[in-house]
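Results of the structural survey
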Amino acid sequence: MLEVTDLEVFYGNIQALHGISFKVEKGETVTIIGSNGAGKSTTLLAIAGLLKPQKGEIKYLDKHLDKLSAYQIVSMGISLCPEGRRIFTSLSVYENLLMGAVQRRDKKAVRDDIHWVVSLFPDLKDRLEQQGGTLSGGQQQMLAIGRALMSKPKLLILDEPSLGLSPMLVNQIFEVIAMLKNIGTTVLLVEQNARQALEIADRGYVIETGMITMEGPSSVLKNSDRVKSAYLGG
Amino acid sequence: MNKNKHALYLMISMGLFFCAVYLLDAYGNHYYQRVSNLMMIYVILTVSLNLSNGIVGISSLGQIGFMSIGAYVSAILTLPPGLKEHWLTGLPHWMSTIQSGLFPAMILAGILAAAIAFLVGIVILRLQGVFAAVTTLGFLIIVKVVAENWMTVTRGGRGISSLPTYTNLWWTSAVAVITVYVVLRIIRSPYGRSMLAVREHDLAAQSIGINAPRIRLLAFVISAFFTAVAGALWANLIGVVSPGSFYLWLTLLIIIMMVVGGMGSVTGSVFSAIGFTILLELLRGFENKIAVYGISSIIFAIVFMLVIIFHPDGVMGDREFSWDWFKRITPLF
Amino acid sequence: MSHTAYFFQQFINALSLGSIYALVTIGLAMVFSILRLINFAHGDLMMIGSYSILMLWNAGVPVWMAILAGIVLCGIAGVIMERVCYRPLRGSAEMTTLLTSFAVVVLLENGVTLLFGPNTRPFRILNFTSPTFSIDSILISKIDVISVVLTLIILLLTTLFIKKTTIGISMRAVADDLTASHLVGIRLNRVIVSAFFIGSLFAGVAGLLWSARAGKLYPLMGFIPVVKAFVAAVIGGFGSIPGAVVGGYVLGFAEVFLVALLPPELQGYRDAFVFILLIFILLVRPQGILGAKTMQRRI
Ligand SMILES: Nc1ncnc2c1ncn2[C@@H]1O[C@H](COP(=O)(O)OP(=O)(O)OP(=O)(O)O)[C@@H](O)[C@H]1O
Ligand SMILES: [Mg+2]
């Protein structure tokens, strides 16, 4: 479904990605793990069309993404829930969710989907009119995921959805991911929380200083010594 | 070694420059003298603007206000007493009986503008770029409104005419050379070099121990001083000052000269001012021929937009002239 | 005229002037909140609107048609301005776009001067300024009523637009977080074009009201209003529509009552006082009065 080959991205003169290649098949849940500054977010932003790669290609459903604008990529069914939430703080929760569906014309179905998102994240239920910026950090993260779901993505990309959340909220978020997986959504998950990410994913990649250094089925990665010592705390 | 050589080159070229000034002043026809004077005035204005906007990065749109102040101060000081008593009834008695020469008028014009720039500068240095830009534009409007309404001192919209035309090439070229010298000295001072390096990054400048606000304020005040002196020269060149002369068009004109030359480059400003003065004269001749006026400003505005879109650093960026350029051309140097 | 009557007369004056400022400021603030662009040429859209209306009317087009067409032309002019002058500069520093807008001002003002001459022309469409009715010696002219009512209607519609329509919510979203707007799939160009179109329509209306109030128009007519609209935006907090409206009316009142209080020989200085006010406000509150949101380079 998504195929990234030899991706190189620069910030000015600084090269952040040194040729990254990976694949996500339809219906799979794939995780990318790696330490801070490894280039995970950079990879995702390039897929979403916010960064232009200098080299390499990004193919999605056999079409090239690297020349498209961000909105065109969204309309092809890719949705990125960015690192650090980035909800619209001055918009209400309801409006945030509407913006997630900004390209959809089926107004009625959008309203149903808002109900669906609220059912996934009951915390948001009584807060639809509340300003996004006044939500708690955890609620904002749920809103960010909910907003990403509102475009009905075929491929959902999540950048560190569990960052800064209490264990209970982390579990809740992983439950939602599991549920999405069950209804057939393809998920590309970037996580610091490698343990849970590998638990839920079918396959995984390890990225270090802009390069993929390991890949394989989650069960294999989980038991590899290198992954254990570097990302699973021994 | 190299340094001595460069000093020699500099002296030779200065000598040649002032020879040219002498010849043009003594034998040139009136038209060429006038254009050369304007050219030098534009050099002063552009280099001064570059000091505040390019080199220390103050977003000022109000420099022409200082020019206006300078022009009016000089006009009031140099107007013959007979006319003064007649037109400028609001002046204190002692002022309406004296007539000053160009030099004291220039200096007073510069000092008054510098004092006002100090006050304006205190406000705008606290502001972010866009706010500073609009505030200084407000200052420009204030100056114009005052010039238009203070009938007993500025003669309002009619302006002050019949000024003695003291300005000649010696004055304008000397002031231009001094302006360039002072601005280069500021750039080459330790302050200036780091200012240029960290332009637009106040915090960085402060973290390496530069008192950024102070040096910027100083630059702004010096810039206003020379701009006002240019105004004084202008008043006594043209012979008339009126509120409308110092407004949007002139503001844009020197911004264009600065940006095209390169914000941060004195060399760029000098050559750009010279080039645009010639271009302006050519266009003016063309306008006179077809009797359609205003085309030059339209062309200038379009040129400016094209430069800013396709070559935002201008011709020179923030590089400066160096004698080494000639090395590449001829081994003689 | 009694004191109270005089006061009310000035009150109506201020309301009417404030309405015009509010209309101009909304357009300025809409574009600014999205692009971080101070579009000085926004004032020239007022001028373009007024000239179009006058020219159409002189050419024999019925008044209301001329007005409508002039305002729409103004909207189109704004869209063209964005496309030609500002879109190539997307991503440039704030000062670059600001200087460009300054060049656009000179371009348009000289262009119009070239076409129609530099002189002031009378603008006496509909005899807007004739007093229509008077209450207890207070004269209320058509233009006052029209300015206030029209502005209120426009404000109401704008609020609905901004709150309820997808494009309106998108505008707020883009102003809020540009990156996130890209990620959810907002088409930035559409939002920007809409902001320019709507803002320019309002500038057209403001231009009509302004020239009708003054009874005249001239190529430079838009410049002072747009710089004043900036003052209004500073008062009201940059980038928010309600702030723009509040700022517009506050400025209208401040100006009218300042003039009323000034001795006649100082009244010519009114614009100077407005900008001195700006300097004082910024001296105390460098970020403006209501706006605390930090401004950063965007897009
Ligand atoms: N805007 C930027 N400008 C310059 N360098 C950047 C920029 N954004 C990221 N980088 C650099 O690119 C590299 C990769 O950053 P990236 O954000 O992709 O890391 P990451 O794997 O997502 O890290 P984290 O887990 O901390 O989010 C880092 O070295 C970072 O410093
Ligand atoms: Mg990251």
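Structure shown above.
Residues numbered from 1 in each chain as written. Chains lettered and ligands numbered in written order. Predicted model: local features only at pLDDT ≥ 70, side-chain atom pairs only at ≥ 80, totals over all residues. Heavy atoms only, no water.

All right, on to the overall build of chain A then. Summing up its helical and strand segments, chain A has nine helices and ten strands in all. Over its C-alpha trace chain A gives a radius of gyration of 17 Å, about what one expects of a compact globule, namely 17 Å for 234 residues. Considering only C-alpha atoms, chain A reaches an extent of 45 × 40 × 35 Å along its principal axes. A burial count over chain A gives 54% of its 234 residues as buried. (Helix = DSSP H or I, 4+ residues; strand = E, 2+ residues; numbered from the N terminus. Rg over C-alpha atoms; globule rule 2.2 N^0.38 Å. Buried < 20%, exposed > 50% of the residue type's maximum accessible area, 1.4 Å probe, protein only.)

With that settled, the discussion passes to the overall build of chain B. When you go through chain B residue by residue, the secondary structure sums to 16 helices and zero strands. Compactness check: chain B gives a C-alpha radius of gyration of 20 Å against a globular reference of 20 Å for 333 residues, within 12% of the reference. Dimensions of chain B, computed from the C-alpha atoms along their principal axes, are close to 60 × 50 × 40 Å. Per-residue burial for chain B yields a buried fraction of 56% across its 333 residues.

With that settled, the discussion passes to the packing of aromatic side chains. Residue and element names in this part refer to chain B. As enumerated under the stated definition, the model contains 25 aromatic pairs over all chains in all. Arranged with centres 5.6 Å apart and planes meeting at 70°, the rings of Tyr-31 and Tyr-32 form a pair that is edge-to-face. Ring geometry for Phe-225 and Phe-226: centres 5.4 Å apart, planes at 90°, overall edge-to-face. Under the relative-accessibility criterion, Phe-225 is labelled partly exposed at 22%. We classify Phe-226 as buried; its relative accessible area is 9%. (Phe/Tyr/Trp six-rings, centres within 6.5 Å; stacked < 30°, edge-to-face > 60°.)

On to the environment of Met30(C), then. All names here are of chain C. Mapping Met-30 onto the fold places it in helix H1 (residues 3–35). Classification of Met-30 by relative accessible area gives buried; the value is 3%. Sequence separation of Met-30 and Tyr-269 is 239 residues, and the distance between their C-alpha atoms is 30 Å. If we skip the residues at most four places from it in the chain, Met-30 touches Thr-158, Ile-162, Met-171, Ala-195, Ile-198, Gly-199 and Ile-241. (Contact = heavy atoms within 4.5 Å.)

Residue and element names in this part refer to chain B. By secondary structure assignment, the location of Thr-136 is in helix H7 (residues 129–149). Accessibility expressed as a relative area gives 1% for Thr-136, which makes it buried. Residue contacts for Thr-136: discarding those within four places in its chain leaves Ser-59, Ser-60, Leu-61, Gly-62 and Ile-124.

Before going further, it helps to spend a moment on empty space enclosed by the protein. In this structure the tally under the stated criterion is four cavities of 30 Å³ or more. In this structure, the second largest cavity spans a volume of roughly 60 Å³. Looking at the second largest cavity, the residues that line it are Ser79(A), Leu80(A), Cys81(A), Pro82(A), Gly100(A), Ala144(A), Arg147(A), Ala148(A), Ser151(A), Leu183(C) and Val184(C). Contributing elements (two or more residues each) for the lining of the second largest cavity: strand S6 (78–81) and helix H5 (137–149) of chain A together with helix H7 (178–184) of chain C. Partitioned by chemical class, the residues of the lining of the second largest cavity number seven nonpolar, three polar and one charged. (1 Å grid on protein atoms, 1.4 Å probe; cavity = no way out; pocket = protein on both sides within 12 Å on 5 of 7 lines; lining within 4 Å. Points joined across faces, edges and corners; volume = space filled by probe spheres on them. Nonpolar A, V, L, I, M, F, W, Y, C, P; charged D, E, K, R; others polar.)

To continue, consider the coordination of the magnesium ion (ligand 2). All names here are of chain A. Within the protein, the magnesium ion (ligand 2) binds to Ser-41 (OG) and Glu-83 (OE); these donor distances fall in the range 1.9 to 2.2 Å. Of this pair, Ser-41 sits in helix H1 (residues 40–48) while Glu-83 sits in the loop between S6 and helix H3 (93–100), and the two are 42 residues apart along the sequence. Take Ser-41: its relative accessible area is 18%, and that puts it in the buried class. (Donors = N, O, S within 2.8 Å, 3.2 Å for Na, K, Ca; no water.)

Here we come to the interface of chain B and chain C. Every contact between the two is made by 39 residues of chain B and, on the other side, 42 residues of chain C. In total, chain B and chain C occlude about 3600 Å² of area from one another, counting both sides; carbon and sulfur atoms represent 84% of this. The largest share of the area that chain B buries against chain C comes from Val130(B), Phe131(B) and Val134(B), three residues that together contribute 17% of it. Linking chain B with chain C are four residue pairs in polar contact (both at pLDDT 80 or more). Looking at the side of chain B that touches chain C, the elements with two or more residues in it are H7, helix H13 (248–261) and helix H15 (295–310) of chain B. Of the residues assigned to the side of chain B that touches chain C, the class counts are 29 nonpolar, nine polar and one charged. (Buried area = accessible area lost by both parts, 1.4 Å probe. Polar contact = N/O pair within 3.5 Å; in protein donor to acceptor, adjacent residues only side chain to side chain.)

What follows covers the sheet that holds strand S2 (residues 14–24) of chain A. All names here are of chain A. Across the sheet, which stays open at both edges, the four strands sit in the order S2-S1-S4-S5 with antiparallel pairing between neighbours. A single partner strand is all that each edge strand has here, and the edge strands are S2 and strand S5 (63–64). Alignment of strand S1 (residues 2–11) against S2, held across eight bridges, turns out to be antiparallel. Opposite Glu-3, over in S2, you have Lys-23 as the bridge partner. (Pairing = 2+ DSSP bridges.)

Now for the site of ligand 1. Residue and element names in this part refer to chain A. Among the 13 residues in the neighbourhood of ligand 1, the closest are listed as Asn-36, Lys-40, Ser-41, Thr-42 and Gln-192. Tyr-11 places a side-chain nitrogen or oxygen 3.4 Å from a nitrogen atom of ligand 1. Ser-41 is positioned with one of its side-chain polar atoms (N or O) 2.7 Å from an oxygen atom of ligand 1. Computed on the free molecule, ligand 1 has an accessible area of 630 Å², of which 61% lies beneath the protein chains in the complex. In terms of residue count, H1 provides more of the shell around ligand 1 than any other element does, three residues in total. (Near = heavy atom within 4 Å. Areas by Shrake-Rupley, 256 points an atom, 1.4 Å probe, with all protein chains shown as cover.)

This part takes up the environment of Ile67(C). All names here are of chain C. With respect to the secondary-structure elements, Ile-67 resides in helix H3 (residues 63–86). Its relative accessible area of 6% is what places Ile-67 among the buried residues. Considering only alpha carbons, one finds Ile-67 and Ser-50, 17 residues apart in sequence, at a separation of 8.6 Å.

Positive phi values are uncommon outside glycine, yet Arg155(B) reaches one of about 65°. Along the chain, Arg155(B) turns up in the loop between helix H8 (151–154) and helix H9 (169–188). In this structure Arg155(B) comes out as buried when scored by relative accessible area, which is 13%. Its identity is not glycine, yet Arg36(C) carries a phi of approximately 55°, on the positive side. Structurally, Arg36(C) can be placed in the loop between H1 and helix H2 (42–58). Arg36(C) sits in the buried class, given a relative accessible area of 10%.

Turning our eyes to something else, we now look at the packing of helix H1 (residues 2–27) of chain B against helix H2 (residues 30–55) of chain B. All names here are of chain B. In the contact formed by H1 and H2, the axes pass within 10 Å of each other and the chain directions differ by 140°. Accordingly, the angle class assigned to the pair H1 and H2 is oblique. Seen from above, H1 lies across H2 with left-handed handedness. Facing H1, whose interface residues are Phe-17, Leu-24 and Asp-25, H2 presents Tyr-32, Gln-33, Ser-36 and Met-40. Taken together, the residues of the contact of H1 with H2 break down into four nonpolar, two polar and one charged. (Axes fitted to C-alpha atoms, helices over the stretch in contact; angles between N-to-C directions. Parallel < 35°, antiparallel > 145°, perpendicular 65-115°, else oblique. Left-handed = near helix turned anticlockwise from the far one by under 90°.)

Quick look at the packing of helix H14 (residues 266–290) of chain B against H15(B) now. Residues and elements named next belong to chain B. Running from N to C, H14 and H15 point in directions that differ by 140°, and their axes come no closer than 9 Å. Relative to H15, H14 is oriented oblique. In terms of crossing hand, the pair formed by H14 and H15 is right-handed. Each of Phe-276, Leu-279, Leu-280, Leu-283, Phe-286, Glu-287 and Ile-290 in H14 lies in contact with H15, whose residues at this interface are Ile-295, Ser-296, Ile-299, Phe-300 and Val-303.

Treat this as a map of the structure, not an account of what it does.
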